[in-house]
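Examining the three-dimensional arrangement
The primary structure of each chain is shown beneath.
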Amino acid sequence: IAPKRLLNLGIFAGLLSFTAIKVYDKLTTDLSQFGTTNNGRATGAIDPGLMAVLEPMARLGVFFFAGSVLYVYRDKITLNRVVLWICVAVSFVLAVVGWFHIIAALPFAYVIMYLGTSTRFARVNFPNDYSYGTYIYAFPVTQVLALINLELNQSMPAWLFCTLAVLATAPLAWASWHVLEKPAMSLKRLTAGKNKAIIGVP
């Protein structure tokens, strides 16, 4: 296991490296799926060079390492409403100008952390839990919307795409919990108090 100091250094190095890749890509080939204005992936052109491999990794990596940074310093970060709205404003402005996926990872991660730990949202999934259904069905829903967008050969605004994705995913998540997940979890009572081996586990 790597020492904590080296692990933290690696997290910062990862965030800085992927951010640098995204900045370089934005200023040159612009392969990002969002806010593409030239010959990027949004227009169907795929660059065969190294950036075609590094850019997709960096696109997700910046958010992964931003969350990791907040986790490392979770005991030192104060959740403040003023900071929240500043991060919301910064994220929004960066999204409007087309730089959200390049340098908005840290402020947006703070927004997610604040909302995820806020007591105001504690009852969103209580007593029902729609998180897993949202996680499962959001991907195919967004892929279908993307295909529809390509078939129409039109550029769908990000806000419209996200709104349609939420509206289409929500009923699927609801049905997943009430029709499948909740009934399946109720079957636990059948083995309550019994020390039965799980399949494949002695």
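The shown structure was predicted, so the numbers you read here are calculated from the model rather than taken from an experiment.

A tally of regular secondary structure across the chain gives seven helices and zero strands. Residue burial in the chain is summarised as follows: out of 202 residues, 28% are buried. Long-range contacts, defined here as pairs at least 24 residues apart, represent 66% of the contacts in the chain between residues at least 6 apart. If you sum the accessible surface of the chain, you get close to 14300 Å²; carbon and sulfur atoms cover 70% of it.

Turning our eyes to something else, we now look at a nonpolar patch on the surface. A cluster of nonpolar side chains, contributed by F92, V93, V96 and V97, occupies part of the molecular surface with about 410 Å² of accessible area. Note on placement: F92 falls in helix α3 (residues 81-96).

What follows concerns the packing of α3 against helix α5 (residues 105-117). Working note: a packed helix pair is described by the angle between its axes plus the distance between those axes. At their nearest, the axes of α3 and α5 sit 8 Å apart, and the two run at 135° to each other. Considering their axes alone, α3 and α5 lie oblique with respect to each other. In terms of crossing hand, the pair formed by α3 and α5 is left-handed. Within the contact between the two elements, α3 uses R81, V83, L84, C87, V88, V90 and S91 and α5 uses P107, F108, Y110, V111 and Y114. Class assignment for the residues of the contact of α3 with α5 results in ten nonpolar, one polar and one charged.

Tallied over the entire structure, the rule returns three salt bridges. Across the pair R59 and E55 runs a salt bridge, and its minimum N-O distance is 2.4 Å. Taken together, the residues R59 and E55, both in helix α2 (residues 51-72) and four residues apart, mark about one turn of the helix. Side by side, R59 and E55 carry an identical accessibility label, which is buried. Across the pair D75 and K76 runs a salt bridge, and its minimum N-O distance is 3.8 Å. Each of the two residues, D75 as well as K76, counts as exposed. Three or more residues joined by partner-sharing salt bridges are found here, namely K22, E55 and R59.

Across its 24 residues, helix α1 (residues 4-27) extends 35 Å between first and last C-alpha, which sits within 8% of the 34 Å expected from 1.5 Å per residue. Regarding α1, the residues found buried are N8, I11, G14, L15, F18, T19, I21, K22, D25 and K26. Of the surrounding secondary structure, the elements contacted by the buried residues of α1 are α2, α4 (100-103) and α5.

So, on to the packing of aromatic side chains. Summed over the entire model, instances satisfying the criterion amount to seven aromatic pairs. Plain terms: the ring middles of F63 and F100 are 5.9 Å apart, the flat faces sit at 35° to each other, and that makes the pair tilted. Linking F63 in helix α2 with F100 in helix α4, this pair joins segments that are 37 residues apart in sequence. Their ring planes at 90° and their centres at 6.4 Å tell us that F63 and F108 sit as a pair that is edge-to-face. Taken together, the residues span a long stretch of sequence, with F63 in helix α2 and F108 in helix α5 at a distance of 45 residues.

Direction vectors running N to C along helix α6 (residues 131-152) and helix α7 (residues 158-186) enclose 140°, while the axes themselves pass 8 Å from each other. In terms of axis orientation, α6 runs oblique to α7. Here α6 runs over α7; the crossing is right-handed. On α7, the residues that touch Y132, G133, T134, Y137, A138, V141, T142, L145 and A146 of α6 are F161, L164, A165, A168, T169, L172, A173, S176 and E181. Grouping the amino acids of the contact of α6 with α7 by side-chain chemistry returns twelve nonpolar, five polar and one charged.

A few words on the confidence of the model for the chain. Atomic detail in the predicted coordinates should be set aside for any region of low pLDDT. Averaged over all residues, the pLDDT of the chain is 81; the fraction at 70 or higher stands at 81%. A low-confidence stretch, residues 34-46 (pLDDT under 50), is modelled with 24 contacts involving residues beyond four sequence positions or located in other chains. Of the regions scoring below 50 in pLDDT, residues 198-202 engages in one contact with residues more than four places distant in sequence or in other chains.

Cut-offs and rules
- Residues numbered from 1 in each chain as written.
- Predicted model: local features only at pLDDT ≥ 70, side-chain atom pairs only at ≥ 80, totals over all residues.
- Heavy atoms only, no water.
- Helix = DSSP H or I, 4+ residues; strand = E, 2+ residues; numbered from the N terminus.
- Buried < 20%, exposed > 50% of the residue type's maximum accessible area, 1.4 Å probe, protein only.
- Contact = heavy atoms within 4.5 Å.
- Areas by Shrake-Rupley, 256 points an atom, 1.4 Å probe, with all protein chains shown as cover.
- Patch = residues over 30% accessible without salt bridge, like charges linked within 9 Å, V, L, I, M, F, W, Y side chains within 5 Å.
- Salt bridge = Lys/Arg side-chain N within 4 Å of Asp/Glu carboxyl O.
- Axes fitted to C-alpha atoms, helices over the stretch in contact; angles between N-to-C directions.
- Parallel < 35°, antiparallel > 145°, perpendicular 65-115°, else oblique.
- Left-handed = near helix turned anticlockwise from the far one by under 90°.
- Nonpolar A, V, L, I, M, F, W, Y, C, P; charged D, E, K, R; others polar.
- Expected span 1.5 Å × (residues − 1).
- Phe/Tyr/Trp six-rings, centres within 6.5 Å; stacked < 30°, edge-to-face > 60°.
- pLDDT = per-residue confidence, 0-100.

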